[in-house]
Protein chains: 2
Amino acid sequence: MAIRERVFNAIISCFKRHGAEVIDTPVFELKETLTGKYGEDSKLIYDLKDQGGELLSLRYDLTVPFARYLAMNKITNIKRYHIAKVYRRDNPAMTRGRYREFYQCDFDIAGQFDPMIPDAECLKIVHEILSDLQLGDFLIKVNDRRILDGMFAVCGVPDSKFRTICSSVDKLDKVPWEEVRGEMVGEKGLSPEAANHIGEYVQLHGGLELIERLLQDPKLSQNKLAKEGLGDMKLLFEYLTLFGITGKISFDLSLARGLDYYTGVIFEAVLLQGERAVEEPVSVGSVAGGGRYDGLVGMFDPKGRKVPCVGVSIGIERIFSILEQRVEASEEKIRTTETQVLVASAQKKLLEERLKLIAELWDAGIKAEVLYKKNPKLLNQLQYCEDTGIPLVAIVGEQELKDGVVKLRVVATREE
Amino acid sequence: MAIRERVFNAIISCFKRHGAEVIDTPVFELKETLTGKYGEDSKLIYDLKDQGGELLSLRYDLTVPFARYLAMNKITNIKRYHIAKVYRRDNPAMTRGRYREFYQCDFDIAGQFDPMIPDAECLKIVHEILSDLQLGDFLIKVNDRRILDGMFAVCGVPDSKFRTICSSVDKLDKVPWEEVRGEMVGEKGLSPEAANHIGEYVQLHGGLELIERLLQDPKLSQNKLAKEGLGDMKLLFEYLTLFGITGKISFDLSLARGLDYYTGVIFEAVLLQGERAVEEPVSVGSVAGGGRYDGLVGMFDPKGRKVPCVGVSIGIERIFSILEQRVEASEEKIRTTETQVLVASAQKKLLEERLKLIAELWDAGIKAEVLYKKNPKLLNQLQYCEDTGIPLVAIVGEQELKDGVVKLRVVATREE
């Protein structure tokens, strides 16, 4: 848990540095609140038993509850973070940091602002956190739902299939294109031509120059949505240049993010491996993601009033498992407590003296422990320090009591 | 949330000072794990819908999951804390800090040790936390399940009715004796004589002298359980004297704590009010409680191996509501963010300069914000500082850019 505390602290520091306040929402939501927000992942929602009350589900992420909270409290402007657990009826994969119950660390900016400034800040936050945690090389992929939708349109995907084809594209980080193409054509009934056309686009990734090129693309540039998305993407990259972080950011047309609620910019940070070899660095998994969801709050407002939002979620469980594996490999011993001193005795019958001394230490704010035995052996007390990593031992003895002093010994060196 | 953070920090500091490590258990437990541990409160457990898996419930407290965790992982010795939410299908009462979903802050010591040393440490912890949080005068009531059971026996309560009569006694902090007596005799079929006899005992409270007197009580002293409990209570008070905290501790025969799993010492801390008046200070509600549960871990061990445990739970929601009410009454304004400086501009078209400057501040670890507008008015930027309590504003202007400096203004005094 020591590693976990360090990671939480790094993330919370960053969120606070960017002016976010913390809010908390309940772990239950009305079942209807969650329905229809997660695309094909909705089957993973945990429902509560009807016990004579409302139909409740456990939250699936922190974004939908946040949007529901904004609408309910008529908040039109807030920057907040929320670190809490979410629940999915999924197949856990411990080593890859995938669980049924896990923490999410979310930062969101809600409000009507000039385009792409909050979006750029979200990317800056991901950059700061991944740099700070020293997880190794990383890349932040960026795309835009409007560009994807525009691309689907010019490739000949019917409107009604945008979302389900988007879910297929979302699988490209895990399975090869051929398989995704198979799903599109076989299961989802897309024409092979449309699929092939999508296949050409989703290979593209780059920076400002790719954005410029696509703005000139004869088909895409004719599509209103794609043009809007590409224009904003250009603006985003200008801001990212001012932040000095474009080196780690890639505009990537294969990035889809399956959740239904995204409406604009989407992004995902992946860790890279294989730099030392000649080959290209390969992604070893997503550790952060997010995007813009301008329509979600309006879905919960009785009058449909919209509150534009953009946010980022840090995949903290995967980060934990990476850092924990690293510590395990290094065979470094991590202390589980912070105790500074063990109050011990050299002779028997000194429990009273030990208890008096430790109460003084606690009252002085010193982290101290005592063995819960009337007459522990000195050797056992020293062994306890060795086992738990307590650096100091305060030894009460008869002579010391007479002299009115306490012997303090450094466990590692036996210095007194 | 600023108050909440302060309270959490005070409690975590105390738990760490006493050498506890932090552990986390899942929010779900198998339904059967929770069954039969909470006496008459079991009806408040939230069950999950059967979605083709196990029958799950949401945890009702952190103690039963902790015991299950110890048995499952064969841990026989640990000192841990756990701060997390628990769930009860109860009628919420916001002003009194009672909710369906709420935090518990638990500290527990598991292991086979010499009697009453860990128990005394739990009381010391409650004393430290309530002193530290300055909630006003408080009293920690202490009793022992063995003394209660012995008392029930000598009063003529049949063995089979111990638990349910214990639940009735538990209500004494909320309803008068006459009503509790009515429940015992009317609903639970206890003889009026036995009830009257209990009534005499539950009026008693005091310190070491009461323990000594009861050890001489002709009936109680004949009862094995009561004698054992009173002997340990005496030892406990000796240790509490060494810790210097007996002034706030009262041995109270009316304290029952209804949960089924307690086996030894039980305690509960209440806040007091009415000191200034002539009357006795009256309790305004429980803010911490706990006790010894030596049998619980064994219930989850396939071989029934016991691990003695004692623990304390801090009622943090009530503490929040007390402190929040106090702040509200004082009309003190609490900041919700920690932002130190707003990066602002005096003229138009300086978004680029603002973004460059704020990236530098963030990279230097400074908590900074910027308005998400291309051309905000200086007045609006200063107003934002006033509204959110940001103390400093860094103003970028054309002249300053030429000079290569930034004007820093203290919002409150307008000093530059």
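Calculation rules
- Residues numbered from 1 in each chain as written.
- Chains lettered and ligands numbered in written order.
- Predicted model: local features only at pLDDT ≥ 70, side-chain atom pairs only at ≥ 80, totals over all residues.
- Heavy atoms only, no water.
- UniProt positions renumbered as here; feature names shortened; annotations may be inferred.
- Contact = heavy atoms within 4.5 Å.
- Buried area = accessible area lost by both parts, 1.4 Å probe.
- Salt bridge = Lys/Arg side-chain N within 4 Å of Asp/Glu carboxyl O.
- Helix = DSSP H or I, 4+ residues; strand = E, 2+ residues; numbered from the N terminus.
- Nonpolar A, V, L, I, M, F, W, Y, C, P; charged D, E, K, R; others polar.
- Buried < 20%, exposed > 50% of the residue type's maximum accessible area, 1.4 Å probe, protein only.
- Lys, Arg positive; Asp, Glu negative; His and termini not counted.
- Core = buried A, V, L, I, M, F, W, Y, C linked by side-chain atoms within 4.5 Å.
- Pairing = 2+ DSSP bridges.
- Axes fitted to C-alpha atoms, helices over the stretch in contact; angles between N-to-C directions.
- Polar contact = N/O pair within 3.5 Å; in protein donor to acceptor, adjacent residues only side chain to side chain.
- Least-squares fit on C-alpha atoms with pLDDT ≥ 70 in both.
- Arc of directions from axis to C-beta.
- Phe/Tyr/Trp six-rings, centres within 6.5 Å; stacked < 30°, edge-to-face > 60°.
- Lys NZ or Arg CZ within 6 Å of the ring centre and 35° of its normal.
- Domains from an automatic or database assignment.
- Disulfide = S-S within 2.5 Å.
- Parallel < 35°, antiparallel > 145°, perpendicular 65-115°, else oblique.
- Left-handed = near helix turned anticlockwise from the far one by under 90°.

- As annotated in an unreviewed UniProt entry, chain A is histidine--tRNA ligase from Amazona collaria.
- Regarding chain A, the relevant UniProt record gives this comment under Catalytic activity (unreviewed entry): "tRNA(His) + L-histidine + ATP = L-histidyl-tRNA(His) + AMP + diphosphate + H(+)".

### As for the interface of chain A and chain B
Point 1. With 60 residues of chain A at the contact, the number on the chain B side is 60 residues.
Point 2. Here chain A meets chain B over a buried area of about 5800 Å², counting both sides, of which 60% is carbon and sulfur.
Point 3. Linking chain A with chain B are 12 salt bridges.
Point 4. In this structure, Glu 338 of chain B and Lys 16 of chain A form a salt bridge, with 2.9 Å as the shortest nitrogen-oxygen distance.
Point 5. The biggest single contributor to the side of chain A that touches chain B is helix α13 (residues 351-363) of chain A, with eight residues.
Point 6. Residue composition of the side of chain A that touches chain B, by class: 28 nonpolar, nine polar and 23 charged.

### Thoughts on the side chain of Glu 21 of chain B
Point 1. Turning to its location among the elements, Glu 21 of chain B is positioned in strand β1 (residues 21-22).
Point 2. Comment: no salt bridge for buried Glu 21 of chain B; closest opposite-charge side chain is Arg 80 of chain B, at 9.1 Å.
Point 3. What Glu 21 of chain B contacts, discounting residues up to four positions off in sequence, is Thr 336 and Thr 337 of chain A together with Ile 78, Lys 79, Arg 80 and Tyr 81 of chain B.

### Focus: the nonpolar core
One recurring pattern in soluble globular proteins is that nonpolar side chains are buried together.
Residue and element names in this part refer to chain A.
Point 1. Among the nonpolar cores identified, the biggest contains 120 residues, and Met 151, Phe 152, Ile 198 and Phe 251 are the most heavily contacted of them.
Point 2. Examining the composition of this core, we find that 10 residues originate from one element, helix α10 (residues 224-243), more than from any other.
Point 3. When sequence neighbours within four positions are dropped, the list of residues in contact with Met 151 reads Ile 198, Tyr 201, Val 202, Leu 220 and Leu 253.

### Some points on the sheet that holds strand β15 (residues 407-410) of chain B
Residue and element names in this part refer to chain B.
Point 1. Reading across the sheet, the four strands line up as β13-β12-β14-β15 and stay open at both edges, with mixed pairing between neighbours. Edge positions in the open sheet fall to β13 (368-370) and β15, since each of these has one partner strand only. For this sheet the average axis-to-axis angle between neighbouring strands, irrespective of direction, equals 30°.
Point 2. One ladder, built from five bridges, connects strand β12 (residues 341-345) with strand β14 (residues 392-396); its direction is parallel. What sits directly across from Ser 345, in β14, is Val 396.

### Comments concerning the pairing of strand β4 (residues 78-87) of chain B
Residues and elements named next belong to chain B.
Point 1. In terms of residue burial, β4 counts as a mostly covered element, since nine of its 10 residues are buried.
Point 2. As paired elements, β1 and β4 share two bridges and run parallel to each other. Across the sheet, residue Glu 21 finds its bridge partner in β4, namely Arg 80.
Point 3. Inspection of the sheet shows β4 paired to strand β5 (residues 101-110) by 10 bridges, in the antiparallel sense. Counterpart to Ile 78 in the pairing with β5 is Ala 110.

### Some thoughts on the UniProt feature "binding site: L-histidine" (unreviewed entry) in chain A
Residue and element names in this part refer to chain A.
Point 1. In the UniProt entry, the feature "binding site: L-histidine" (unreviewed entry) is given for Asp 61, Leu 62, Thr 63, Arg 88, Gln 104, Asp 108, Arg 257, Tyr 261 and Tyr 262.
Point 2. Along the chain, Leu 62 turns up in the loop between β3 (56-58) and α3 (63-72).
Point 3. Not counting residues up to four positions away in its chain, the partners in contact with Leu 62 are Arg 80, His 82, Ala 84, Val 86, Gln 104 and Asp 106.
Point 4. Checked against the element boundaries, Arg 88 lands in the loop between β4 (78-87) and β5 (101-110).
Point 5. The buried category is assigned to Arg 88, whose relative accessible area is 17%.
Point 6. Filtering out sequence-adjacent residues up to four positions away, Arg 88 remains in contact with Leu 44, Tyr 46, Tyr 60, Asp 61, Arg 100, Phe 102 and Gln 104.
Point 7. One polar contact links the side chain of Arg 88 to the main-chain carbonyl oxygen of Tyr 60, over a distance of 3.0 Å.

### Regarding the environment of Gln 383 of chain A
Residue and element names in this part refer to chain A.
Point 1. On the secondary structure map, Gln 383 appears in helix α14 (residues 378-388).
Point 2. Classification of Gln 383 as partly exposed rests on a relative accessible area of 42%.
Point 3. Remark: the alpha-carbon pair of Gln 383 and Val 411, spanning 28 residues in sequence, is separated by 9.4 Å.

### Details of helix α6 (residues 162-170) of chain A
Residue and element names in this part refer to chain A.
Point 1. The buried fraction of α6 amounts to seven of the nine residues, a majority that puts the element mostly inside the structure.
Point 2. Considered for burial, the residues of α6 that qualify are Phe 162, Thr 164, Ile 165, Cys 166, Ser 167, Ser 168 and Val 169.
Point 3. Along its buried surface, α6 packs onto α5 (145-155), α7 (177-187) and α8 (192-201).

### So, the relation of the copies chain A and chain B
Point 1. For the pair chain A and chain B, the best superposition has an RMSD of 0.0 Å and corresponds to a rotation of 180° with a translation of 0.0 Å parallel to the axis. Here the copies are linked by what is in effect a two-fold axis.
Point 2. The overlap is high: 100% of the interface residues of chain A also sit at the interface in chain B, so the same surface is used on both sides.

### A short note on the pattern of salt bridges
Residue and element names in this part refer to chain A.
Point 1. Overall, the coordinates contain 58 salt bridges over all chains when judged by the stated rule.
Point 2. Among the salt bridges present, the one from Glu 228 reaches Lys 224, with a minimum N-O distance of 3.5 Å. Of the two residues, Glu 228 and Lys 224 both sit in helix α10, four residues apart, roughly one turn of that helix.
Point 3. For Lys 224, a relative accessible area of 64% gives the class exposed.
Point 4. Between Arg 257 and Glu 268 there is a salt bridge; the shortest N-O distance is 2.7 Å. Here Arg 257 is found in the loop between β8 (249-252) and β9 (265-273), whereas its partner Glu 268 is found in strand β9, with 11 residues between them in sequence. The residues Arg 257 and Glu 268 share a single accessibility class, namely buried.
Point 5. Connected through shared salt-bridge partners, Asp 144, Arg 146, Lys 224, Glu 228 and Asp 232 make up one network.

### Considering helix α9 (residues 208-216) of chain A
Structurally, the α-helix is built with 3.6 residues per turn, so residues lying three or four positions apart point the same way.
Residue and element names in this part refer to chain A.
Point 1. Buried residues of α9: Leu 210, Ile 211 and Leu 214, and no others. When α9 is viewed along its axis, its buried side chains cluster within an angular range of 100° and face the same direction. Away from its buried face, by an angle of more than 90 degrees, α9 presents the exposed residues Glu 209, Arg 213 and Gln 216.
Point 2. Lining the buried residues of α9 we find α8, β7 (205-206), α10 and β8.

### Focus: the packing of aromatic side chains
All names here are of chain A.
Point 1. Counting across every chain of the model gives 26 aromatic pairs over all chains.
Point 2. Taken together, the ring pairs connect Tyr 38, Tyr 60, Tyr 261, Tyr 262 and Tyr 293 into an aromatic cluster.
Point 3. In this structure, Arg 88 is placed above the aromatic ring of Tyr 60, and the distance from its NZ or CZ to the ring centre is 3.9 Å.

### Some points on the sheet that holds strand β15 (residues 407-410) of chain A
All names here are of chain A.
Point 1. Read across the open sheet, the four strands follow the order β13-β12-β14-β15; overall the sheet is mixed. Of all the strands in the sheet, the pair left with one neighbour each is β13 (368-370) and β15. Each neighbouring strand pair of the sheet contributes to a mean axis angle of 30°, computed without reference to strand direction.
Point 2. Pairing of strand β12 (residues 341-345) with β13, which is carried by three bridges, proceeds in the parallel orientation. In the sheet register, Leu 342 faces β13, and the bridge partner there is Glu 369.

### A closer look at the domain arrangement of chain A
Point 1. Along its sequence, chain A is carved into domain 1 (2-330) and domain 2 (341-410).
Point 2. Here the C-alpha centroids of domain 1 of chain A and domain 2 of chain A sit 53 Å apart.

### With respect to the state of the cysteines
All names here are of chain B.
Point 1. For the coordinates displayed, the defined rule picks out zero disulfides over all chains.
Point 2. Here Cys 105 is not cross-linked by a disulfide; its sulfur's nearest cysteine counterpart is in Cys 14, at 11 Å.
Point 3. On the basis of relative accessible area, Cys 105 is assigned to the buried category, the value being 0%.
Point 4. You can see Cys 155 has no disulfide; the closest cysteine sulfur is in Cys 166, sitting 13 Å from it.

### Observations concerning the packing of helix α4 (residues 117-132) of chain B against helix α10 (residues 224-242) of chain B
Residues and elements named next belong to chain B.
Point 1. Here α4 crosses α10 at 50°, and the two axes come no closer than 9 Å. When the interaxial angle is binned, α4 and α10 end up oblique. As α4 runs across α10, the sense of the crossing is right-handed. In contact with Ile 117, Asp 119, Ala 120 and Leu 123 of α4, α10 contributes Leu 236, Tyr 239 and Leu 240.
Point 2. The residue makeup of the contact of α4 with α10, split by class, is six nonpolar, no polar and one charged.

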